[in-house]
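# Chain and residue survey
Listed below are the residues making up each chain.
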Amino acid sequence: MPTPAEPAATTTHDADWWRQAAVYQIYPRSFSDSNGDGLGDLKGITARVPYLKELGIDAVWLSPFYPSALADGGYDVDDYRNVDPRLGTLEDFDEMAAALHAAGIKVIVDIVPNHTSDRHVWFQEALAAPKGSAARGRYIFRDGRGENGELPPNEWTSIFGGGAWERVTEPDGTPGQWYFHLFAKEQPDLDWDNPEVHEDFLTTLRFWSDRGADGFRVDVAHGLKKDLNAEVASLDLLHRADLFREGEHPLWDRDEVHSIYAEWRKVFNEYNPPRTAVAEAWVHADRRAAYASPEGLGQAFNFDLLEADFDAEQFREIIAKNLAEAAATGTSSTWVFSNHDVVRHATRYGLPKGSGRGGKGADGKDWLLEGGDPAQIDVARGLRRAKAATLLMLALPGSAYLYQGEELGLQEAGQIPDADRQDPTFFRNKGVEVGRDGCRVPLPWEATPTEGSSFGFGANGSHLPQPAWFADYAAGAQAADAGSTLAFYRRALALRHELQGAESLGWQDASDDDVLHFVRPGGWHVVANFGTAPVELPAGETLLASAEVEGGKLPGEATAWVSVSA
Ligand code: NOJ
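About the criteria used
- Residues numbered from 1 in each chain as written.
- Predicted model: local features only at pLDDT ≥ 70, side-chain atom pairs only at ≥ 80, totals over all residues.
- Heavy atoms only, no water.
- Near = heavy atom within 4 Å.
- Polar contact = N/O pair within 3.5 Å; in protein donor to acceptor, adjacent residues only side chain to side chain.
- Areas by Shrake-Rupley, 256 points an atom, 1.4 Å probe, with all protein chains shown as cover.
- Nonpolar A, V, L, I, M, F, W, Y, C, P; charged D, E, K, R; others polar.
- Pairing = 2+ DSSP bridges.
- Helix = DSSP H or I, 4+ residues; strand = E, 2+ residues; numbered from the N terminus.
- Core = buried A, V, L, I, M, F, W, Y, C linked by side-chain atoms within 4.5 Å.
- Buried < 20%, exposed > 50% of the residue type's maximum accessible area, 1.4 Å probe, protein only.
- Contact = heavy atoms within 4.5 Å.
- Lys, Arg positive; Asp, Glu negative; His and termini not counted.
- Salt bridge = Lys/Arg side-chain N within 4 Å of Asp/Glu carboxyl O.
- Right-handed = clockwise from strand over helix to strand, strands pointing away.
- 1 Å grid on protein atoms, 1.4 Å probe; cavity = no way out; pocket = protein on both sides within 12 Å on 5 of 7 lines; lining within 4 Å.
- Points joined across faces, edges and corners; volume = space filled by probe spheres on them.

## Concerning the site of the ligand
The ligand sits among 13 residues. The nearest are D72, D219, H340, D341 and R436. Here an oxygen atom of the ligand and a side-chain polar atom of R436 are 3.0 Å apart. For the ligand, whose accessible area on its own is 300 Å², the fraction buried by protein is 97%. Residues that form the shell around the ligand fall into these classes: 4 nonpolar, 2 polar and 7 charged.

This is the structure we're talking about:
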């Protein structure tokens, strides 16, 4: 068993492994449950390493597995250098990292620096300490307004709904100061003007790097530096970047945030190969470069395709812009359609309007925000388009991020009973927004549940209920079926490895406005048909297609990879 002093071997010393990696996101509590407590765990992941190896991914990114009250699915961290006992132990982490590395798979862990949980020892100290103390100085505490401080310091709102300030009860039992929380009230924001906060996160980065983590996904990377004194009362503050000069929004994407990542970069570079990082920063494409620079985190999520319609022109513009931006900084672009925060793309694309994180139904209702009627989903179309989009993405230069279950063609589980919902968005908005539980329902591994159990997720049900139709998507049945979505992903990922070369792409003239056609080095042609009428493929060998090619024609809403010799 590797120890922290002797980390699990990394798979390669290639410093550039991340540039064109296929990274598979695991939401640990919903992946695989080894001990039958209804929650996925680290041993569950270790047991599924053969599945991950066969899938053909290069790295896994693990959403938080740290001790947490789960007020926000684990993004409320009690202790950054430990494992939630319900998910395992540090030794289980070592064992999992070693098994993944032995299978040639890198390990990326999630770092949540904007806020801790309210159970974190620092926050408990802050509650017990007086106003003005060093313990309160690690967070953002302020006096309230009004005669007795009964009003919050300002009217700013939190991302999850409701106000962004919570009043505390002082140790002597009197109503006291207020603290700031961008997200749920159980997630107090740290004060990144405090050097102790900086030091502690450097310790955490070294802790996981020493234990064999190859990289980090950085939560809310654009939110750490704030100007809480800004004189703005706008309730729209969260969504109105246009009200401020670039880099000067009181909450988001402030220029000074990059000094934090310059410090982190020095830590990453202490390792061989250097540890990598990817910023979760919902910023405009022009502002991404600063996060993705080699002096900063090195790479940043690009959510543009995820927010786009299934539309050739939008895709082309986004791809061209992001490749150009990435090349200018020396990074590689990232691409993603699904994650734990958005409606699964196989569902979005089956809704009348696929755009946005939620997708919209015929009634204009956003699925993520307002819930939706499953009868509005055209499931076959959603999957057809999702496979086409994914095959296009897997052919792009840069890193492709996949979300657990998309390789099964899994649909959003939209109809979760209110009593089973967990997402704070649902509770803080009094049920008006349904939130993100629908993409976090545990995976179906087997089609037949044993009595009282789940679809192979674990021996005793699952913490979010799996609907009966999950049986149709079970991994076990798909593994044995050459025509399944899983077989398609495996083939695509294996071929991607074989075909991938230099990070360049040449656009080809397409016969039709609904068609994108580009070529990668070595004669790897990619044709994506966003329309519904079949189109002619270039002469050559069709290596893989998301729908059946007949007579050299690619059907509508499909992508093909064609090898064309020079
Ligand atoms: C982004 C994470 O992806 C999301 O799940 C979480 O709720 C927020 N950050 C707050 O940590």
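The rest of the description comes next.
## A short note on the sheet that holds strand β6 (residues 175–180)
Strand order across the open sheet formed by 3 strands is β4-β6-β5, with antiparallel pairing between neighbours. At either end of the open sheet lies a strand with only one pairing partner, and these are β4 (141–142) and β5 (165–169). Note: β5 against β6, 4 bridges, orientation antiparallel. Across the sheet, the residue bridging to T169 is P175, located in β6.

## Here's the deal with the nonpolar core
Residues Y24, F93, W264 and F315 are the most contacted members of the largest nonpolar core, which totals 133 residues. F93 has contacts with L42, L62, F65, V83, V107, V109, W208 and R211, leaving out every residue within four places of it along the chain. Among the nonpolar cores identified, the runner-up in size contains 17 residues, and F180, A184, L251 and W252 belong to it.

## Describing the side chain of R520
Following the sequence through the fold, R520 ends up in strand β13 (residues 515–520). Buried within the structure, R520 lacks any salt-bridge partner; E503 is the closest side chain of opposite charge, at an N-O distance of 7.4 Å. Reaching out from R520, the side chain makes a polar contact with the side chain of Q20 at a distance of 3.1 Å. The residues touching R520, leaving out its near neighbours within four places in the chain, are Q20, A395, L396, P397, Q500, G501, A502, E503, S504 and L505.

## Things to note about the pairing of strand β3 (residues 106–111)
The element β3 is largely enclosed, with a buried count of 6 among its 6 residues. Of the pairings in the sheet, the one linking strand β2 (residues 59–62) to β3 comprises 4 bridges and is parallel in character. Looking across to β3, one finds that V60 is bridged to V107. Tracing the backbone out of β2, into helix α3 (residues 90–102) and back to the parallel element β3 gives a crossover that is right-handed. Of the pairings in the sheet, the one linking β3 to strand β7 (residues 215–218) comprises 4 bridges and is parallel in character. Each bridged residue has a counterpart across the sheet, and for D110 the counterpart in β7 is R217.

## Some thoughts on empty space enclosed by the protein
The full count for this structure, using the stated rule, is 5 cavities of 30 Å³ or more. In this structure, the largest cavity encloses a volume near 120 Å³. What lines the largest cavity is a set of 14 residues, among which R288, A292, A326, T331 and S333 lie closest to the centre. Of all the secondary-structure elements, those providing two or more residues to the lining of the largest cavity are α7 (285–292) and α9 (312–329). Of the residues in the lining of the largest cavity, the class split is 5 nonpolar, 7 polar and 2 charged. Each pocket or cavity is described by its volume, and for the second largest cavity that value is around 90 Å³. Taken together, Y27, R29, L70, D72, G73, Q422, D423, P424, D437, R440, H463 and L464 make up the full set of residues lining the second largest cavity. Here the residues of the lining of the second largest cavity sort into 4 nonpolar, 3 polar and 5 charged.

Geometry only, nothing functional implied.
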